[in-house]
Each structure stands twice: as structure tokens, then as C-alpha cells.
Amino acid sequence: MPEGGAPISKTAQEASKTAQEAAAGTERPERTPHRRTGLLVTFLLGSLTAVPPLAMDMYLPSLPEVTRSLHAPAATVQLTLTACLAGMALGQLVVGPMSDRWGRRRPLLAGLAVFVVATVLCALAPTVELLVAFRLAQGLAGAAAIVIARAVVRDLYDGMAMARFFSTLMLISGVAPIVAPLIGGQVLRVTDWRGVFAVLTVIGVLIGVLVWARLPETLAPAERHSGGVGEALRSMRGLLADRSFAGYTLAGGFAFASLFAYISASPFVIQEIYGASPQTFSLLFGVNSVGLVLVGQINGKVLVGRVSLDRVLGIGLAIVITAATALLLMSLGVFGEVGLVPVAAALFVLMSAMGITLPNTQALALMRTKHAAGSASALLGTTSFLIGAIASPLVGVAGEDTAVPMAVVQLAAALVALACFMGMCRPWKKDSSSPSVEGAVS
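Computed from a predicted structure; not experimentally measured. (Residues numbered from 1 in each chain as written. Predicted model: local features only at pLDDT ≥ 70, side-chain atom pairs only at ≥ 80, totals over all residues. Heavy atoms only, no water.)

1. What about the overall build of the protein?
What counts, and what does not: Numbering goes from the N terminus for both helices and strands, where a helix is a DSSP run of H or I of at least four residues and a strand is a run of E of at least two. Whether a residue is buried, partly exposed or exposed follows from its accessible area with a 1.4 Å probe, protein chains only, as a fraction of its type maximum: under 20%, in between, or over 50%, in that order. Residue contacts are defined here by distance: any two heavy atoms, one from each residue, within 4.5 Å place the two residues in contact. Per-residue and other accessible areas were derived by the Shrake-Rupley procedure at a 1.4 Å probe size, with only the shown protein chains allowed to occlude residues.
From N to C terminus, the protein includes 18 helices and 0 strands. Counting every position in the protein, which comprises 442 residues, the buried fraction comes to 58%. Within the protein, counting contacts between residues at least 6 apart in sequence, those at least 24 apart form 87% of the total. Counting every atom, the protein has about 17,000 Å² of accessible surface; 68% of that belongs to carbon and sulfur.

This is the structure:
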């Protein structure tokens, strides 16, 4: 019996059992998707999940130039990243429930249109304060892309099929972190940082046109929620009341914070401390992203269905902790004066481990809900982006001349992620009596 003495419905019991068996890595017959996802639709979903890394990573090589162009300190310029990330976090809380009520297409198209306008304003910003404001608006609008892409996947897939599809999306969206800083570095050869936002504008327009023309609606009218804000809040409360869902959400959020500490600090660490050029930084960033993509494909093609998702997630977090510890020791000078190569190697290991950490936290959390997939996706994204937004300014508190804050934030975030996973999800002992979120929000 759940709290309050209300009986658990048969559907809720079956959904809970399905989630537990899937999380344990045991195969069972999976629901056939009620719509086929063609290659173009799969590519579009990958492109939507690529919007956040495009907005972040293409801009990274220009951060030092922005500090000089707008006569602003590095910590203030890093707030342009924080603002965009915070906007994406808060925007998901709005767009997710909207997509549960009105379907996926309309909120998505509206969000992409506003994203394009905000990106144009970023390119025209005359001061760092206005750039921060416009980046916030860009993030609020761009939230529609990532939250609705995850909700569409949940509309179409269950169980292991969903975990595999998330890994496929990582292959597609993983190209963005590889290509984005390379594009940003090349754009800086011919123009300034404002040209980066001009290129982002063109990309936003292209994605919007393709979504309008080729992405079908995946949420049938009968499956939509007719309630307003109150029902959306009740759905989210029901989701958070599920201990395992909350545990996977927090674990993914803090793992993302470790990743975002790297994203925020690496332009200064690689370029200012180790003297690399924007092009060298872009190349290293791309190599790290290749590692993330390759490990993500190993996760989807080899591990899913053969090894418990919980076990793979635990291994991924352990690798992140090991890499972050090595970075901290090198930053503190424990191994003497080290060059760029050892630091880059540790960052490569940390980034690669995200390929088995992030998709599995999302899949394990979303396995516990079918109805209100938009709200569930919003909670996943909002938690990750808000925690990441908090981590971003922390990496610059000691200035641009040390990598210690980056390593400390990465290690602390990874340790908290592991604690949430072990303490709340209890992967060694699944509670067969706990109600599924399915019953709580349906």
C-alpha cells in the first residue's frame, strides 16, 4: 500500500515490475512503438537534443575574446553560460507540462522561433549585461527542443528499446559537441564572437523548418492532459514522490554538473593556463566528445540488455570520480608540474564516462513513467540544468590561473551523484512493493 492507504492499481503494479526488471537488466517482451521512427525523424530528434550543446559549445572558444571585447571579467562572462543554462532549466518546467496538454509540435515550434530571435539579439548585444539577459531568453526558448525530444522518445518506446534509442540519439547529438567548438574556432578566424551567434541563428532556422515539415505529432489527443497548472504541479509532485525516480534524476543532475564544470572552465584552463590556441582547444574538445559518443554507442549496442543498467551507471560514476580525482591531484601539483597531455587525458576519460552515465540515468528515470512524459522530462532536464548552472560560476572563483576549482567541483558533484544513486535508488535491492510513478500521475 502506498502512503495514505490508497491501493496500488494493477496497471501501476505491472508498470512498476516492468521498470524494475528493465533496471535490473533482464529482458522481457517490449511494447512495439505505436509509430515508426524513420531515419529523418530520428535525425531530427537528435538535432533537437543537440540544441543545448550547440548553444553552449560553439560559443566556448570565444569566451576569452568576449572578456576583451566587452571589457568584462572572466567570472562575469561565464555568467553568459550560467544564464543560458538556467533559462534551459526553467523553460523545461513550463514547456514540459505544456507539451502534455497541447501536444509536442506546437510548443516545440514556438520555442524554436523564439530561440532564433534571442540568438539574433545575442549577436547584437552591446554590453555583457545585455548579453547575459539575451542568453537567458535563448535558454528559455531552447528548452523546448531538449524536453520535447525526450518526451517524444517516451511516447514511442518502453524499456530497453528506450535505453537503446537514447544511445542512438547520443550518436547523433554527440556530433554537436564535436563540431560546434570546431566551427566556433574557425568562425573566429574570419570574424569575432558575434559571428558565432550568426551561425547559430542559421542552424536554429534550419532545425525549425525541418521540424515544421517532417516531425509528426506523437501524443494522441486522447493521451493529453486537460488540466492547467494545478494538474501539472500534482504530476510533478507524484513523480518526485517516487524515491527511485528522484534518485536517478538527482544522480543525473550532479553528473551533468561535473560535465558542465568542464564545459565552463576548460576554455580558460586549456587556453589561458596551458597556452593552447582556440583551434587547439576546439580539437581537444572534439576528441573528448568523440569519446563520449563512442562509449555511448558501446552502451546502446553492447551493454543494454546484457548488463544491468544500474550496474553500468555505477561503473560510469566510479570512472568519473577517478578521473576527477586525478585532475585534482595534478592541479594541486602532487605529481609536480604537468603539461597539457596528462590533463587532456584525464578530461577525455571523464567525458567518455558520461556516455554510460547520462543516457542511463534518463532511461532508468523515464522507465518509471508513461503518462506525463513531458513533465517527467522537464524534471530531468530542469534538475540537470539548474545544478549545472550553480556549478558554472564556482569553477571561476579563484580566477583564471588555476584548474583547482574545476577539479574540486567535478569531484564533489560526482561524489554527490554516487551518493544519490546508492542511497535513493538502492540498486542492490529493488523494492518490489514501491508504487510506480505510473500510478501516481495517471
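Having seen the structure, we can now continue with the description.
2. Considerations on the packing of helix H12 (residues 243-273) against helix H17 (residues 404-425)
What counts, and what does not: Axis definition: a line fitted to C-alpha atoms, over the contacting stretch in the case of helices. Angles run 0 to 180 degrees between N-to-C directions. We call two directions roughly parallel when the angle between them is under 35 degrees, roughly antiparallel when it is over 145, roughly perpendicular when it lies between 65 and 115, and oblique otherwise. Residues are grouped as follows: nonpolar covers Ala, Val, Leu, Ile, Met, Phe, Trp, Tyr, Cys and Pro; charged covers Asp, Glu, Lys and Arg; every other residue, Gly included, is treated as polar.
Where H12 meets H17, the closest approach of the two axes is 8 Å, and the angle between their N-to-C directions is 170 degrees. It follows from the interaxial angle that H12 and H17 lie roughly antiparallel. Here the residues of the contact of H12 with H17 are counted per class, giving 20 nonpolar, 5 polar and 1 charged.

3. Describing the confidence of the model for the protein
The predicted structure's coordinates, where accompanied by low pLDDT, should not be read in detail. This is how the line gets drawn: Looking at any residue, its pLDDT shows the predictor's confidence there, from 0 to 100.
The predicted model of the protein has a mean per-residue pLDDT of 80, with 83% of residues at 70 or higher. With pLDDT under 50 throughout, residues 1-36 is counted as low confidence; its partners more than four residues away or in other chains account for 64 contacts. Here residues 431-442 is a poorly scored stretch, pLDDT under 50, and it has 38 contacts once near neighbours within four places are set aside; other chains count.

4. Points about the packing of aromatic side chains
Selection criterion: Aromatic rings from Phe, Tyr and Trp, with only the six-membered ring used for Trp, were paired whenever their centres fell within 6.5 Å, and each pair was classed as stacked if the ring planes differed by under 30 degrees, edge-to-face if by over 60, and tilted otherwise.
Using the criterion set out here, one finds 7 aromatic pairs in the structure. Between Phe256 and Phe260, the ring centres sit 6.1 Å apart and the planes meet at 20 degrees, which makes this aromatic pair stacked. Taken together, the positions of Phe256 and Phe260, both in helix H12 and 4 residues apart, correspond to about one turn of that helix. By relative accessible area, which is 1% here, Phe260 ends up buried. Relative to Phe285, the ring of Phe281 lies with its centre 5.8 Å away and its plane at 50 degrees, an arrangement referred to as tilted. Of this pair, Phe281 and Phe285 both sit in helix H13 (residues 278-303), 4 residues apart, roughly one helical turn. Assigned by exposure class, Phe281 and Phe285 land together as buried. Every member of this aromatic cluster is reached through a ring pair, and the members are Tyr59, Trp193 and Phe197.

5. So, a nonpolar patch on the surface
We apply this condition: Residues qualify for a patch when their relative accessible area is over 30% and they have no salt bridge, like charges being joined within 9 Å and the nonpolar side chains of Val, Leu, Ile, Met, Phe, Trp and Tyr within 5 Å. The salt bridge definition used is simple: a Lys or Arg side-chain nitrogen within 4 Å of an Asp or Glu carboxyl oxygen.
A grouping of Leu182, Leu283, Val287, Ile315, Ile319, Phe348 and Val349 is seen on the molecular surface, where their side chains present a nonpolar patch of about 540 Å² in accessible area. Those elements giving two or more residues to the nonpolar patch turn out to be H13, helix H14 (309-331) and helix H15 (340-366).

6. Some details on the nonpolar core
Defined as follows: By convention a nonpolar core is built from buried Ala, Val, Leu, Ile, Met, Phe, Trp, Tyr and Cys residues, the set being connected through side-chain atoms within 4.5 Å.
Formed by 128 residues in total, the largest nonpolar core has its most connected members in Leu45, Leu48 and Leu131. Among the elements that line this core, the one with the most residues is H12, at 15 residues. Setting aside residues no more than four positions away along its own chain, Leu45 makes contact with Ala149, Val152, Val153, Phe165, Leu169 and Leu215.

7. Description of the environment of Val408
Looking at the secondary structure, you find Val408 in helix H17. The spacing of Val408 and Thr325 is 83 residues in sequence and 8.3 Å in space, taken between C-alpha atoms.

8. Re the side chain of Ser377
Convention followed: Polar contacts, as counted here, are pairs of nitrogen or oxygen atoms within 3.5 Å of one another; within protein the pair requires one atom able to donate a hydrogen and one able to accept it, and residues that are adjacent in sequence qualify only if both atoms are side-chain atoms.
Mapped onto the fold, Ser377 is located in helix H16 (residues 373-394). Of note is the side chain of Ser377, whose polar atom sits 2.9 Å from the backbone oxygen of Val147.

9. What about the environment of Thr361?
Considering the arrangement of structural elements, one finds Thr361 in helix H15. A sequence separation of 60 residues divides Thr361 from Phe421, and the C-alpha atoms of the two residues are 9.3 Å apart. Contacts of Thr361, omitting those with residues within four sequence positions, involve Tyr248, Ala251, Gly252 and Leu313.

10. Some details on the side chain of Gln92
Residue position: Gln92 is located in helix H5 (residues 74-102). Apart from residues lying up to four places away in sequence, Gln92 is in contact with Pro97, Ala143, Ile146, Val147, Arg150, Ser377, Ala378, Gly381, Thr382 and Phe385.

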